[in-house]
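Tertiary structure, described
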Amino acid sequence: MFVFESDFVRLCDTTNYILDGSLMKRTINLVIQCRWAYTSNIKIISMTSDTPLISIIIPVYNVGLYLERCLTSLVGQTYSNMEVIMVDDCSTDNSSDVCKRFVESDGRFRYFRNVDNKGAGETRQVGIDKASGNIIGFVDGDDWVTPDFISSLYSVMEETGCSIVCCQYYFCYENGKVNTPWPVDNEKIIWDKYDALYRMSTYDRIGTELWNKFYKREVLLKHVMTSCHYEDAFILMKYFMEVERICVYCVPLYYYFQREGSLMNSVYTPEKELAHFQLDAERSLLLLGVNYSCRKFYDGTARKGIRSFKTFVLLPQTEEMKMIIYKLITLLKELSMKGKRRHFKLKNRVEMWLIVHARSCYSGIYTSFMKMFAQRKIRRLQRKYKITSFQLLKDGF
């Protein structure tokens with residue numbers, strides 16, 4: 001078998017994919033069939049026993065409708081020396097049947113099932129523990145990949161010597177729409193870990209997802225993945241800190257399916273907002289000491305925390321909410337202590353000081369003012385926690 005690495009033109013067309021619903025059958029244009037028109041500089045790499053084993057880990061939870069499409073895209077990979085590790089997180093649909101069918105038909109597929117529900121993060125960690133490959137990647141069970149997904153990322157890793165490599169991806173929607181937010185120019189961009197971390201915060205050709213990247217095994221073994229809000233982004237920061245350089249291959253090789261019931265389409269909560277600010281705060285603290293003296297970046301992180309505090313004090317003050325506010329204040333305190341005066345605007349420095357040192361007084365005055373003069377804004381903020389994370393991004397909260 002051979003792998004081709006070149007500049008290519010990707011030609012895509014769609015066919016119909018049938019989903020069986022409880023009330024009706026819907027036909028949606030989702031299965032993307034890719035063909036390649038090779039142009040120049042074709043490099044042929046022979047697939048021999050010298051090529052490393054690459055492990056692809058798939059966390060599985062109630063994705064029976066989409067899982068066959070995902071696994072079929074892996075069966076068709078041009079890189080053959082791989083193993084696919086499917087870890088079932090106690091699915092209640094037919095996901096396990098689909099997995100077992102592929103195990104029976106292809107010896108490269110392995111299936112494991114958790115004793116109890118662990119969440120996506122811990123389920124991926126189970127897969128890491130079971131993996132045998134020196135290179136490890138992730139694919140979600142409702143997504144799928146191009147036939148050269150593995151071979152292309154492996155070639156980039158070999159060419160650049162980077163321990164983490166990343167490709168771009170398509171957004172695929174249930175109505176058949178497919179798009180990508182980044183230019184496709186076949187470029188290979190290498191950043192140091194801090195530059196990559198900063199660009200990840202602004203989604204500058206690189207995002208916080210685990211699944212469109214390949215990792216050297218030793219990088220993943222240095223940290224244990226847990227299940228939490230934004231678990232991908234939290235663990236990815238730790239992985240970045242273990243390497244010197246990260247390479248981004250500016251070609252979409254992954255199809256990210258947007259569906260109802262996914263995490264991005266789950267209801268936004270105060271816990272999620274706190275986790276999102278914690279992510280921004282930890283990223284800011286990592287960048288503080290490495291000459292990323294971008295006032296707008298640090299000040300923006302502080303502003304998010306202040307805005308979250310003002311939102312939380314307007315919500316019913318349950319014990320759970322009080323704990324969320326306490327954790328938020330702790331993060332703001334750490335950010336204000338480690339950041340320098342020049343990192344924050346005067347208004348934000350003053351508000352952070354008031355929140356940290358005079359919380360009760362400040363929140364009391366602010367809450368009274370808002371209840372008297374801004375009832376409409378309070379209703380808007382309360383609506384914020386009744387919509388999905390994806391809708392939240394669209395509405396610009």
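Structure report, in brief. (Residues numbered from 1 in each chain as written. Predicted model: local features only at pLDDT ≥ 70, side-chain atom pairs only at ≥ 80, totals over all residues. Heavy atoms only, no water.)

Description of the overall build of the protein chain
Summing up its helical and strand segments, the protein chain has 14 helices and 12 strands in all. Within the protein chain, buried positions represent 51% of all 397 residues. Nonlocal contacts in the protein chain, meaning residues at least 24 apart in sequence, comprise 78% of its contacts between residues at least 6 apart. Here the protein chain has roughly 18900 Å² of accessible surface; of this, 53% comes from carbon and sulfur atoms. (Helix = DSSP H or I, 4+ residues; strand = E, 2+ residues; numbered from the N terminus. Buried < 20%, exposed > 50% of the residue type's maximum accessible area, 1.4 Å probe, protein only. Contact = heavy atoms within 4.5 Å. Areas by Shrake-Rupley, 256 points an atom, 1.4 Å probe, with all protein chains shown as cover.)

Describing the packing of helix α8 (residues 270-287) against helix α10 (residues 319-338)
Their axes nearest at 10 Å, the elements α8 and α10 cross at an angle of 15 degrees. In terms of axis orientation, α8 runs roughly parallel to α10. By crossing handedness, the relation of α8 to α10 is classed as left-handed. Each of Pro270, Glu271, Leu274, Phe277, Gln278, Ala281, Ser284 and Leu285 in α8 lies in contact with α10, whose residues at this interface are Glu320, Met321, Ile324, Lys327, Leu328, Leu331, Leu332, Glu334, Leu335 and Lys338. A breakdown of the residues in the contact of α8 with α10 according to their chemical character gives 11 nonpolar, two polar and five charged. (Axes fitted to C-alpha atoms, helices over the stretch in contact; angles between N-to-C directions. Parallel < 35°, antiparallel > 145°, perpendicular 65-115°, else oblique. Left-handed = near helix turned anticlockwise from the far one by under 90°. Nonpolar A, V, L, I, M, F, W, Y, C, P; charged D, E, K, R; others polar.)

Concerning the packing of aromatic side chains
This structure, assessed with the given rule, holds 18 aromatic pairs. For the pair Tyr169 and Phe171, a centre-to-centre distance of 5.4 Å together with 65 degrees between the ring planes defines the contact as edge-to-face. For Tyr169, a relative accessible area of 2% translates into the label buried. Look at Tyr170 and Tyr255: their rings are 4.9 Å apart centre to centre, the planes differ by 10 degrees, and that puts the pair in the stacked class. Taken together, the residues Tyr170 in strand β8 (residues 164-173) and Tyr255 in strand β12 (residues 245-258) connect sequence positions 85 residues apart. Taken together, Phe149, Tyr169, Phe171, Tyr173, Trp182, Trp211, Phe214, Tyr254 and Tyr256 form an aromatic cluster joined through their ring pairs. (Phe/Tyr/Trp six-rings, centres within 6.5 Å; stacked < 30°, edge-to-face > 60°.)

What about the pattern of salt bridges?
Scanning all chains against the criterion turns up 22 salt bridges. With its nearest N and O atoms 3.6 Å apart, the salt bridge here joins Glu242 to Lys222. Of this pair, Glu242 sits in the loop between α7 (231-241) and β12 while Lys222 is found in the loop between α6 (217-220) and α7, placing the two residues 20 residues apart along the sequence. Judged by its relative accessible area of 31%, Glu242 is partly exposed. In this structure, Glu334 and Lys338 form a salt bridge, with 3.2 Å as the shortest nitrogen-oxygen distance. Highlighted residues: Glu334 and Lys338, both in helix α10, separated by four residues, approximately one helical turn. The exposure class of Glu334 is partly exposed, given its relative accessible area of 30%. (Salt bridge = Lys/Arg side-chain N within 4 Å of Asp/Glu carboxyl O.)

A closer look at the packing of helix α3 (residues 120-130) against α7
Any two packed helices are characterised by how steeply their axes cross, that is the angle between the axes, and by the distance between the axes. For the pair α3 and α7, the least separation of the axes is 10 Å and the interaxial angle reads 45 degrees. By the angle class used here, α3 and α7 are oblique. Of the two elements, α3 crosses α7, and the hand of that crossing is right-handed. Contacts between α3 and α7 pair Ala120, Gly121, Arg124 and Ile128 from the former with Glu231, Asp232 and Tyr239 from the latter. Residues of the contact of α3 with α7, tallied by class, amount to three nonpolar, one polar and three charged.

Quick word on α10
Given 3.6 residues to a turn, an α-helix orients residues that are three or four positions apart in the same direction. The first and last C-alpha atoms of α10 sit 29 Å apart over 20 residues, in line with the 28 Å expected at 1.5 Å per residue. Restricting attention to buried positions, one finds in α10 the residues Met321, Ile324, Ile325, Leu328, Ile329, Leu331, Leu332 and Leu335. With its buried residues spanning 165 degrees around the axis, α10 presents them on a single face. Summarising the geometry of α10, the exposed residues directed more than 90 degrees from the buried face are Glu319, Tyr326, Met337 and Lys338. (Expected span 1.5 Å × (residues − 1). Arc of directions from axis to C-beta.)

Things to note about helix α2 (residues 95-105)
All of the buried residues along α2 are Ser95, Ser96, Val98, Cys99 and Phe102. The buried residues of α2 occupy an angular sector of 160 degrees when projected down its axis, which confines them to one face. Along α2, exposed side chains directed more than 90 degrees from the buried face belong to Glu104 and Ser105. Structurally, α2 contributes buried residues whose contacts are with β3 (54-60), α1 (64-75), β4 (82-88) and β5 (109-113).

Points about unusual backbone geometry
Glycine aside, residues mostly have negative phi, and peptide bonds are mostly found in the trans state. For Arg205, which is not glycine, the phi dihedral falls at a positive 70 degrees. Here Arg205 is to be found in the loop between α5 (193-201) and β11 (213-216). For Tyr230, which is not glycine, the phi torsion reads 60 degrees and is therefore positive. Examined against the element boundaries, Tyr230 turns out to sit in the loop between α6 and α7.

Focus on the pairing of β5
With five bridges connecting them, β4 and β5 associate as parallel partners. Each bridged residue has a counterpart across the sheet, and for Val87 the counterpart in β5 is Phe112. For the handedness criterion, the β-α-β arrangement of β4, α2 and β5 is classed as right-handed. (Pairing = 2+ DSSP bridges. Right-handed = clockwise from strand over helix to strand, strands pointing away.)

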